[in-house]
Amino acid sequence: MVKLSGYKFTELTFIYSSLSEPFTSKNMNKRQFLKTGGVITAATVLNPFYACTTAEKGTSKEDAAKLLTVASNQAGEFVLPALAFAPEALEPNIDKMTMEIHHGKHHAGYVRKLNAAIKGNATFEGKSLNNILATVTDADTGVRNNGGGHYNHSLYWSVMSPSGGGAPAGKLAEAINGQFGGFDKFKEAFSTAAKTRFGSGWAWLITDGKGKLSVTSTPNQDNPLMSKIVTETGTPILGIDVWEHAYYLNYQNKRGDYVANFFNVINWEAVAARLDAAEMVSKA
Ligand SMILES: [Fe+2]
């Protein structure tokens, strides 16, 4: 496992490939992999958000925007992203069966239903998921629920890692300390939002892209990108799924224990990259 620190957007493929069994030294090293012709396709599958690679150079702002975007594939349909780690890799914090069902059944279902909901719909078909979420209204129930479901779960997988946990560093740590008065206070605010979300939903750490961080929560599969639906908007940089399907097999009714253990697997480097990307995109 490579050390993850101080990377650039253009290096994110290294990060995601480093977490993925098929691209470790068993078959080829990362440099060899990046020399292959399937870089972009494979990276896009590995990274639920568009991966930026050395073979896909653009401006830094473009790379940042891609990092934050869930895009459809060349056929115009959304696809279920592969997990960047084995389903059992997050144990004991999140068990294998939960991961398999959550990813392979629940998330796959959102993707399938989203594609069905936007097919032939001139408002949404062919758009990035971020664009769809920014324009969806409460009249578009299928797109709202399944578009949110696809985005939210894609982000969720990307901000967890078997080597996660600990505390954020660098600029992200400074931002959290400045906004919340310390990591422990942020942790308390985020955990409270997750534990007190009534029924099913999500808790988020969001940024306005201009230095402000907030903890918020949304019901069902809504998220802070749905500016025509939710009241508190922003770019999610961390999210926790508090639907019972995310934890019930292992934790039953003890949502608080699941939330506490989620902190053991948070990929703070990925969260920091999303913060950097959001700030870069928001610059004029
Ligand atoms: Fe879920």
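Here's a quick rundown of the structure. (Residues numbered from 1 in each chain as written. Predicted model: local features only at pLDDT ≥ 70, side-chain atom pairs only at ≥ 80, totals over all residues.)

1. A word on the overall build of the protein
For the protein, the helix and strand inventory stands at 12 helices and three strands. For the protein, with 284 residues in total, the buried portion stands at 43%. (Helix = DSSP H or I, 4+ residues; strand = E, 2+ residues; numbered from the N terminus. Buried ≥ 20, exposed ≤ 12 C-beta atoms within 10 Å, placed from the backbone.)

2. Some details on the nonpolar core
As a rule of thumb, soluble globular proteins bury nonpolar side chains together. Core analysis: the largest hydrophobic core is formed by 62 residues, its most contacted members being Val-159, Ala-203 and Val-271. Broken down by element, this core gets its largest block of residues, eight residues, from helix 12 (residues 268-282). Domain assignment of the residues forming this core places at least three in each of domain 1 (3-158) and domain 2 (170-282). Setting aside residues no more than four positions away along its own chain, Ala-203 makes contact with Phe-190, Ala-193, Ala-194, Arg-197, Val-215, Ser-217, Ile-240 and Val-242. (Core = buried A, V, L, I, M, F, W, Y, C linked by C-beta atoms within 7 Å. Domains from an automatic or database assignment. Contact = placed C-beta atoms within 7 Å.)

3. Let's talk about helix 8 (residues 170-180)
Those residues of helix 8 that fall on the buried side of the exposure criterion are Leu-172, Ala-175 and Ile-176. Angular distribution of buried residues about the axis of helix 8 spans 95°; they occupy a single face of the element. Counted as exposed and oriented over 90 degrees from the buried face of helix 8: Lys-171, Glu-174 and Gly-178. Lining the buried residues of helix 8 we find helix 9 (183-196), strand 2 (213-219) and helix 12. Residue Gly-181 follows helix 8 closely and has a positive phi angle near 85°. (Arc of directions from axis to C-beta.)

4. With respect to the sheet that holds strand 2
Reading across from one edge, 2-1-3 is the order of the three strands in this open sheet, with antiparallel pairing throughout. Each edge of the open sheet carries a strand with a single partner, namely strand 2 and strand 3 (235-241). Neighbour to neighbour, the strand axes of the sheet diverge by 25° on average, direction disregarded. Bridging between strand 1 (residues 201-207) and strand 2 involves seven bridges; their strand directions are antiparallel. Looking at the pairing, Gly-201 lines up with Pro-219 of strand 2. Against the sheet, helix 7 (residues 141-158) touches strand 1 and strand 3, its axis set at about 85° to strand 3. (Pairing = 2+ DSSP bridges. Axes fitted to C-alpha atoms, helices over the stretch in contact; angles between N-to-C directions.)

5. What about unusual backbone geometry?
The amide bond that connects Glu-91 to the next residue, Pro-92, takes the cis arrangement and shows omega of 5°. Positive phi, normally seen in glycine, also occurs at Asn-220, with a value near 50°. Of note, Asn-220 is situated in the loop between strand 2 and strand 3. Not every positive phi belongs to a glycine, and Gln-252 is a case in point at roughly 50°.

6. Observations concerning the packing of helix 4 (residues 60-67) against helix 12
A pair of packed helices can be characterised by two numbers: the angle between their axes and the separation between those axes. Axis separation between helix 4 and helix 12 bottoms out at 8 Å; the angle between their running directions is 125°. Considering the angle they form, helix 4 stands oblique to helix 12. Between helix 4 and helix 12 the crossing geometry is left-handed. Along the contact surface, helix 4 presents Ser-60, Lys-61, Ala-64, Ala-65 and Leu-67, while helix 12 presents Ala-273, Arg-274, Ala-277, Met-280 and Val-281. Of the residues belonging to the contact of helix 4 with helix 12, the class tally is seven nonpolar, one polar and two charged. (Parallel < 35°, antiparallel > 145°, perpendicular 65-115°, else oblique. Left-handed = near helix turned anticlockwise from the far one by under 90°. Nonpolar A, V, L, I, M, F, W, Y, C, P; charged D, E, K, R; others polar.)

These figures capture arrangement, not role.
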